[in-house]
Amino acid sequence: MRFLLIEDNQNLASAVVERLQLDGHAVDHAGTLQAAYDCIAAADYDLILLDIMLPDGDGRTFLQRHRMAEKRTPVIVTTARSAVSDRVGLLDLGADDYITKPFDFSELEARCRAVLRRRGGIAANQITFADVVLDATAGELRIGDQRETLRNRELRLLEVFFSSPGQVFSKSHLMDRLFSFADDVGENAIEVYVGRIRKRLEPSKAGIETVRGLGYRLVDLQ
Amino acid sequence: MTEARITGSIRRRLFLQLVAIAALLSVSLFFVIRGLAETAAEATQDGILAASATSIADALRSDAGAITLDLPYSALSMLGAINQDRVFYRVVVDGATLTGYDDLPSPDDAPTISESSFLTFDYRGDEVRMVSVTRAVSTEGAPANVMISVAQTRTGLAVITRRITGIATAAGVGFFLVATALSLLAARSALRPIGQMTASVTRRGPGDLRPLEIDTPTELSPFVDALNNFISRLGASLQRSEDLIVEAAHRVRTPLATVRAKAEVTHRKLNKPEHKQAMREMIRAIDESSRSAGQLLDHAMVTFRSDNLAAEDVDLVEIVRETASRLEPTAGLKDVIIRTEVPNLTPPFKGDWLLIQSALQNMLDNAIKYSPDDSLIDVSLSLNGEIRLSCKDQGRGFGTTDVDTLKSRFARGTNVDDIVGSGLGLTIAEDVARAHGGLLEIKPNDKGEGACVSLVFPL
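Residues numbered from 1 in each chain as written. Chains lettered and ligands numbered in written order. Predicted model: local features only at pLDDT ≥ 70, side-chain atom pairs only at ≥ 80, totals over all residues.

### Examining the overall build of chain B
Along chain B, the regular secondary structure elements total eight helices and 14 strands. Per-residue burial over chain B gives 28% buried out of 459 residues. The long-range fraction of contacts in chain B, counting pairs at least 24 apart against all pairs at least 6 apart in sequence, stands at 64%. (Helix = DSSP H or I, 4+ residues; strand = E, 2+ residues; numbered from the N terminus. Buried ≥ 20, exposed ≤ 12 C-beta atoms within 10 Å, placed from the backbone. Contact = placed C-beta atoms within 7 Å.)

Given below as structure tokens:
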């Protein structure tokens, strides 16, 4: 996905950019409202992350202008204020969702996905491998005419494998992608989910292969 | 709230003072009327006595060197006109009584000619009023000095005085009663602006910090000005503390967000399990502090808004739907599904929308935190003689924790050490429930494991 991050704090911005890139997203950063307007004029984004307090104005101004220009790009506001007291105005002004700082990136990603799904999604977010199509936005796995709705963790795990077919992912890496920092789970927990997606892929020509001692990878079984 | 120390009523004080003045005036009125009337009656008697004496004097004749008097009947009959008073007279010619009552005393200072002297004294058992006039009657020798005294008892006058006293009393009492009634009205109408002002202050909504704009009498304008000044300072102060909270939150949370993002990046890059574990613990500590900061802010906000509870129509069905959909992505991370069950028609409910939403969000947030992977959370709104907004999970429940202790600040269950929490979530929910006249019910889920937390409001 392509993000526009509007955030005036340089340290935070660079950390967020790096973190999102780790998950394979493209991120542009704008430190001011003006820079943000320039970015929007120049490129299309799947999602905008907007900070409310900016040096050259209020993020709300951006929201209003964005909505008046009838841009469809969803906006998720990142706020450092109290979640309860801020939410009313933000959603009324046309923010699609909001998340309070500091945020968990897996939660941010989940919110992005939910927002995109609500908005009708983007066609481009489909990955094809062998005879399988993974529609991340719809949360669907398509094998031929057969459509299956995936559960959240199954989807995220499949996304990891489908983003780099053939690459071996260690259990520990998969754990990082699947579980939040609040979850205290052993490495064996990942086997449960690998088992589940194997079942999902059974009717197809794709499969998850165990690489002993290293991890798992997505392979074409033909 | 501190009650005002009440030290008497202005209206009563004003009324009592006005009544005291009225009483004083009534008594004065009584004495003035009686005094004037008595003086007038006495003057009348004196006038008649003088006329009588004069007419006697006019009847004096000098006849061959002797002074004679043919007492005119009218001189005495005019006195009888007043009443059945007795009349005494005495005519003294050069010290010798010519006619009349010998023992009628003469005035100590004989009046000079053409003057009258008046005296009041007791005579033969009655109080009498006496007038004396002196005339010089020319005889053949030297002119004789004749003093005529006419006296009359004062019974008639006493009757008149009594009647006048009655009238004066009636006038005084009447005046007093009318004045009292008027005082009551005056006290009431004088204080009406205060009443109006009180009404316009107490009628205000909780968040209404606009200055007072009412018709103000001159005397109250300093008070209204001071009140308006106070209101504007209060508004500014509230604004300042709100700004401070927002600013403080911003200052704390932005660096925390930076640290957390960097930590996540580092965590991803590290390979050794012990390093990863250390980083994970760090991230959890960050989450704990930011969560506490957030919930403290929320709790402060809830307390503030509860003290000034709004009473707008709240669509509980909409709140359930919105909150559930807002937390759905969070629940999805653990493959937890939130099911909602709401009635077709939203029950009538008045309160603060934001507070109810905040309470439900905390309840649901807890449920998600304590739910195992791949489980269900049921949020339901039901109406069975009461409004019940419940959140049931399939989590670990409360173990051996006494559930009522969970409602107090910073209290946490005995079985939740491994999960990040501030111990404020249920406190917030409890405060919100109480502010709306309801209660927070915490009990184990009736279907097997888990917790069931409900906001219960009377219908």
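Don't stop here, the text continues.
### Describing the confidence of the model for chain A
For residues with low pLDDT, the predicted coordinates do not support detailed interpretation. Residues at a pLDDT of 70 or more form 94% of chain A, whose mean pLDDT is 86. Looking at the elements of chain A, mean pLDDT is at its lowest for helix α4 (residues 83–92) of chain A, recorded as 64, and at its highest for strand β2 (residues 26–30) of chain A, recorded as 94. (pLDDT = per-residue confidence, 0-100.)

### Here we look at the sheet that holds strand β10 (residues 140–143) of chain A
All names here are of chain A. Taken in spatial order, the four strands of this open sheet run β8-β9-β10-β11, and their pairing is antiparallel. Two strands in the sheet have a free side with no partner beyond their single neighbour: β8 (126–129) and β11 (146–149). Neighbour-to-neighbour, the strand axes of this sheet turn through a mean angle of 20°, independent of strand direction. Of the strand pairs in this sheet, β8 and strand β9 (residues 132–135) are connected by four bridges, and their pairing is antiparallel. Looking across to β9, one finds that Gln126 is bridged to Asp135. (Pairing = 2+ DSSP bridges. Axes fitted to C-alpha atoms, helices over the stretch in contact; angles between N-to-C directions.)

### Side note on unusual backbone geometry
Residues A:Lys101 and A:Pro102 are joined by a peptide bond in cis, for which omega reads -10°. On the secondary structure map, A:Pro102 appears in the loop between β7 (97–100) and α5 (105–118). For B:Arg124, which is not a glycine, the phi torsion comes out positive at approximately 50°. Looking at the secondary structure, you find B:Arg124 in the loop between β5 (116–123) and β6 (126–137). Residue B:Asp335 is not a glycine yet carries a positive backbone phi of 55°. With respect to the helices, strands and loops of the structure, B:Asp335 is situated in the loop between α6 (316–332) and β9 (337–341).

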